[in-house]
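Breakdown of the fold
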Amino acid sequence: MNTMDIILIICIGLVIYHHGVYPLALSVVAKYKQRRNLQSDCIKAYQPKIAVFMAAHNEQAYIYDKLINIASQIYPNEKIAIHLVLDGCTDDTLACATPALDRLAEQNIFCHIDVFDENKGKLNAINHLINLYSSDYDVVLFSDVSAMLSINAFQEVACKMADKKVAVVSGLYQVYDQANNEQSGYWALQNKTRLDESIFGAVNGVSGSLLAIKSHLVKPLDEGTINDDFIQAVQAVDKEHVIAISEDINMVEMEEDALDKDYTRRVRICAGNWQQLGLLVKKFGSFNLWQKLIFTSSKGLRGVMPICIAVLYVSLFSQAVLVGGLYSVAAMGLLITNLIGLAKIRGLFSFKLPVIDSVNYMLFSYLVGLYGIVQFHKGVYKQSWSRVPKKINSEQKRILITKRIIDVIGALVGLVLTAPILLLVAIAIKLDSKGGIIYKQLRVGESTDNFVSLIYVYKLRSMYIDAEARSGAVWASDNDPRITRVGRFLRKTRLDELPQLWNVLKGEMSLIGPRPERPVFYKNLEENVPYFTHRTYQLKPGISGLAQVMNGYDENIEGVRRKIAWDYAYALSLSSFSSWYRTEMSILVKTIQVVLMGKGK
């Protein structure tokens, strides 16, 4: 065995350890440690004052939704403040933000905007906010304008921050449109690894989509910092202060990278990883044993991995020329694999080759990252990275097609199986009170940019006839005198919803989705509940849903406000097929439990 063989074995070993052995071993140890140290519930009563720091350059497509997204958080409005820097915007970012600012003012949410005439980069904007405003708050939450946060994000940040040891909080990252299986797999692995690492108080990276830090630990960033989110987090970590990742916080990046553009982003990321090695070396002595092991195995190896991959290529192809044999076979296999990957990047074909695609994604990411390291040493990275064009949503189409198939099959099976129950219930309704068995009610259905559909929803009658003749349209309440004796049973078991299976077959509703609201309540809800109208955007309302099984029927505006969080969480799950499928199955199981145990209202 010569020197080249040893170098090749070391490189292959580091690649296998970093991408396979480490995540697997970490997962096993994390599960064991979690069982040994069951984490207690967070302190719900702790409500720190949270400031959101954002830098925006030409964000007209997202700024309004982002501000409304913050306004919709389940958190005391007076405890939220927003500081936004418009960094040399040349589009209509300010004009698009103005309507949202009026809404924030109505809800008593403080928002301050600093306008820079010239684009000086994200780093300059963030340091400006840190130096001027961070000391006025308990927690500083950094967030990208194009990233939407689950409506419970601030609440979960506060819960985690109640622990004195927790210095940094982040969540699970998703992209709205999963561009390809390789990126989807990458982020799924990253989220899993981050959760496991957070059990030990360290993570291999945090997302700029949401990065919350206790204000006294927030520090300005050095000039030339590339990966600002990771640097900010690590600056706050030591033996006494840890990072926590909450799986209850979802962060969805609305602007997504196409595969070829993603590799362009990797150039900058790898340059940042290389730069981060210097900070890790300086901080290494302040880490505990687990943090040292984690940062070495994750960010440490990640920083040198582009060089490791480059050396692996050189060693393998050198041995193929000098020695031949198995080296030549391996080199030829690697070359063919790479040529296939390059052809796919150039758009010559698009069919899936799972193993080859994953290998190419890893290898190309590091090889283009090597160029980033060279660029870093040339002093290229002084301005913030600009995002790339959005790609057409393909993952959501796949989800919606699958969802429709499940709806049709489920509705047909449901109607057949529940036919005897419907007959018995029909007889009971007739014997209990006067009036029809089934009634229809106008509801708001799916909405898009161009229209809002109105549908008639069918239900088994649970109230006396003319129940709203005197009171008008009002929400049902506990012990509502308008509800019949049979109606109370129907509502507790949700059997009154069974005729809506016909709505599902017609394509007006889905088995699972947000509750369809009555138009008579819609205007009031839209004015008082931020983001309410987005519940059914490109999404059919459902017979059951996350909000329905968690909170039951609406009784007032506050009830709707609480349920918005669950509707929004369900909508976020549609960004990933696996995430949606797990959520869908969970709701179906909970729905069956509600019916069998009579937990409805």
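Position numbers for residues start from 1 in each chain and track the written sequence from start to end. It should be noted that, the model being predicted, local features are given only for residues of pLDDT at least 70 and side-chain atom pairs only at 80 or more, the latter also being counted only at that level, while totals for whole chains, interfaces and linings use all residues. Note: side-chain values were computed over all heavy atoms of the structure, leaving out hydrogens and water.

What follows deals with the environment of Lys-31. As for its position among the elements, Lys-31 is in helix α1 (residues 3-36). Lys-31 gets classed as partly exposed once you look at its relative accessible area, which sits at 47%. Separated by 168 residues in sequence, Lys-31 and Ile-199 have C-alpha atoms that sit 9.1 Å apart. Each helix is a run of H or I in the DSSP string that is no shorter than four residues. Each strand is a run of E no shorter than two, and both are numbered from the N terminus. Partly exposed residues are those whose accessible area sits between 20% and 50% of the maximum for their type, while under 20% is buried and over 50% is exposed, using a 1.4 Å probe and protein chains only.

Here we take up the pattern of salt bridges. In what follows, salt bridge is the name for a side-chain nitrogen of Lys or Arg lying within 4 Å of a carboxyl oxygen of Asp or Glu. Applying the stated criterion across every chain, the model contains nine salt bridges. Between Lys-122 and Asp-144 there is a salt bridge, with the nearest N and O atoms lying 3.3 Å from each other. Here Lys-122, found in helix α4 (residues 122-133), pairs with Asp-144, found in the loop between β4 (139-142) and β5 (147-149); they are 22 residues apart in sequence, far enough to count as distant. Overlapping salt bridges bring together Lys-122, Asp-144 and Asp-228 as one network.

So, on to the packing of aromatic side chains. Paired rings are identified among Phe, Tyr and Trp, the last through its six-membered ring, by centres lying within 6.5 Å, and are further divided according to the angle between planes into stacked (under 30 degrees), edge-to-face (over 60) and tilted (the rest). Inspection of every chain in the model, using the stated rule, returns 10 aromatic pairs. The interplanar angle of 75 degrees and the centroid separation of 6.3 Å between the aromatic rings of Tyr-75 and Phe-154 together place this pair among those described as edge-to-face. Note that Tyr-75 is positioned in the loop between α2 (63-71) and β2 (80-87) and Phe-154 in helix α5 (residues 153-161), a separation of 79 residues in sequence. What makes Phe-154 buried here is its relative accessible area of 0%. Charge-over-ring placement is defined geometrically: NZ (Lys) or CZ (Arg) within 6 Å of the ring centre, and within 35 degrees of the ring normal. Above the face of the Phe-230 ring, Lys-299 is positioned so that its terminal group lies 4.9 Å from the ring centre. The ring centre of Phe-577 lies 4.0 Å from the NZ or CZ of Arg-398, which sits over that ring.

Turning our eyes to something else, we now look at the packing of helix α9 (residues 289-322) against helix α10 (residues 326-345). Axis geometry follows a simple rule: fit a line to the C-alpha atoms, using only the stretch in contact for helices, then measure angles between N-to-C directions, giving values from 0 to 180 degrees. Running from N to C, α9 and α10 point in directions that differ by 130 degrees, and their axes come no closer than 8 Å. Classed by the angle they form, the pair α9 and α10 counts as oblique. The two elements α9 and α10 cross, and the hand of that crossing is left-handed. In this structure, α9 uses Tyr-313, Leu-316, Phe-317, Gln-319 and Ala-320 to contact α10, whose residues at the interface are Tyr-327, Ser-328, Ala-330, Ala-331, Leu-334, Leu-335 and Asn-338. Of the residues in the contact of α9 with α10, the class split is nine nonpolar, three polar and no charged. Angular relationships are summarised with four words: roughly parallel below 35 degrees, roughly antiparallel beyond 145, roughly perpendicular across 65 to 115, and oblique for the angles in between. Helix crossings fall into two classes, left-handed where the near helix is turned counterclockwise from the far one by less than a right angle and right-handed where it is turned clockwise. Contacts: residue pairs with any heavy atoms within 4.5 Å of one another. Each residue is assigned to one of three groups, with Ala, Val, Leu, Ile, Met, Phe, Trp, Tyr, Cys and Pro labelled nonpolar, Asp, Glu, Lys and Arg labelled charged, and all others, Gly among them, labelled polar.

Tracing the chain through its elements places Gln-441 in strand β9 (residues 438-447). Gln-441 gets classed as buried once you look at its relative accessible area, which sits at 14%. A polar contact of 2.5 Å, which involves the side chain of Gln-441, links it to the side chain of Arg-443. Residues in contact with Gln-441, not counting those within four places in the same chain, are Ile-455, Tyr-456, Val-457 and Arg-518. Counted as a polar contact is a pair of N or O atoms within 3.5 Å, where, for protein atoms, one must be capable of donating a hydrogen and the other of accepting one, and residues adjacent in sequence contribute only when both atoms are in side chains.

Here Ser-215 is to be found in the loop between β7 (211-214) and α7 (228-235). In this structure the side chain of Ser-215 is engaged in a polar contact, spanning 2.5 Å, whose partner is the backbone oxygen of Tyr-137. Non-local contacts of Ser-215, meaning those with residues more than four positions away in its chain, are made with Ser-134, Tyr-137, Asp-138, Val-139 and Val-140.

Judged by side-chain polarity, Ile-401, Ile-405, Ile-409, Val-413, Val-416 and Leu-417 come together as a nonpolar surface patch covering roughly 610 Å² of accessible area. Along the chain, Ile-409 falls in helix α12 (residues 395-432). Residue class for Ile-409 comes out exposed when judged on its relative accessible area of 51%. Exposure above 30% relative accessible area and the lack of any salt bridge qualify a residue for a patch; like charges then connect within 9 Å, and the nonpolar side chains Val, Leu, Ile, Met, Phe, Trp and Tyr within 5 Å. Where accessible areas are quoted, they stem from the Shrake-Rupley method and a 1.4 Å probe; at the residue level, only the protein chains shown are allowed to cover.

With that out of the way, let us pick up the packing of α12 against helix α18 (residues 577-597). α18 packs onto α12 with a crossing angle of 30 degrees between their chain directions and a minimal axis gap of 10 Å. Classified by the angle between their axes, α12 and α18 sit roughly parallel to one another. Of the two elements, α12 crosses α18, and the hand of that crossing is right-handed. Counted together, Glu-395, Arg-398, Ile-399, Thr-402, Lys-403 and Ile-406 of α12 and Phe-577, Trp-580 and Glu-584 of α18 form the full contact between these two elements.

So, about the nonpolar core. Residues grouped as a nonpolar core are buried Ala, Val, Leu, Ile, Met, Phe, Trp, Tyr and Cys residues, joined through side-chain atoms within 4.5 Å. Met-54, Leu-67, Ile-82, Leu-141, Phe-154, Val-157 and Leu-210 are the most contacted members of the largest nonpolar core, which totals 46 residues. Here Leu-141 is in contact with Ile-50, Ala-51, Val-52, Phe-53, Phe-154, Val-157, Leu-210, Leu-211 and Ala-212, once residues within four sequence places are set aside. With 45 residues, the next largest nonpolar core counts Leu-26, Phe-53, Leu-129 and Ile-231 among its residues.

Put simply, the protein has an average pLDDT of 82, and 83% of its residues get 70 or more. Each residue carries a pLDDT value, the predictor's own confidence for that position, ranging from 0 to 100. The secondary structure element of the protein with the lowest average pLDDT is helix α15 (residues 519-528), at 66, and the one with the highest is β4, at 97. Contacts for the low-pLDDT stretch residues 383-392, under 50 throughout, to residues beyond four places or in other chains number 30 contacts.

This part covers helix α3 (residues 93-106). Taking 1.5 Å per residue, 14 residues should reach 20 Å; α3 reaches 21 Å between its end C-alpha atoms and fits that length. Phi for Asn-108, located one or two positions after α3, is positive at around 65 degrees. Helix span, expected: 1.5 Å multiplied by one less than the number of residues in the helix.

Helix length check: α10 (20 residues) gives 29 Å between terminal C-alpha atoms against 28 Å at 1.5 Å per residue, within 8%. Where α10 is concerned, the buried positions are Ala-331, Leu-334, Thr-337, Asn-338, Gly-341, Ala-343 and Lys-344. Backbone geometry just after α10 places Gly-347 at a positive phi near 80 degrees.

A few words now on unusual backbone geometry. Notably, Asn-58 is not glycine yet its phi reads approximately 55 degrees, a positive angle. Of note, Asn-58 is situated in the loop between β1 (50-56) and α2. Note on Asn-58: relative accessible area 31%, which makes it partly exposed. Positioned with a positive phi, Asn-108 is a non-glycine residue whose angle comes to about 65 degrees. Of note, Asn-108 is situated in the loop between α3 and β3 (110-116). Residue class for Asn-108 comes out exposed when judged on its relative accessible area of 54%.

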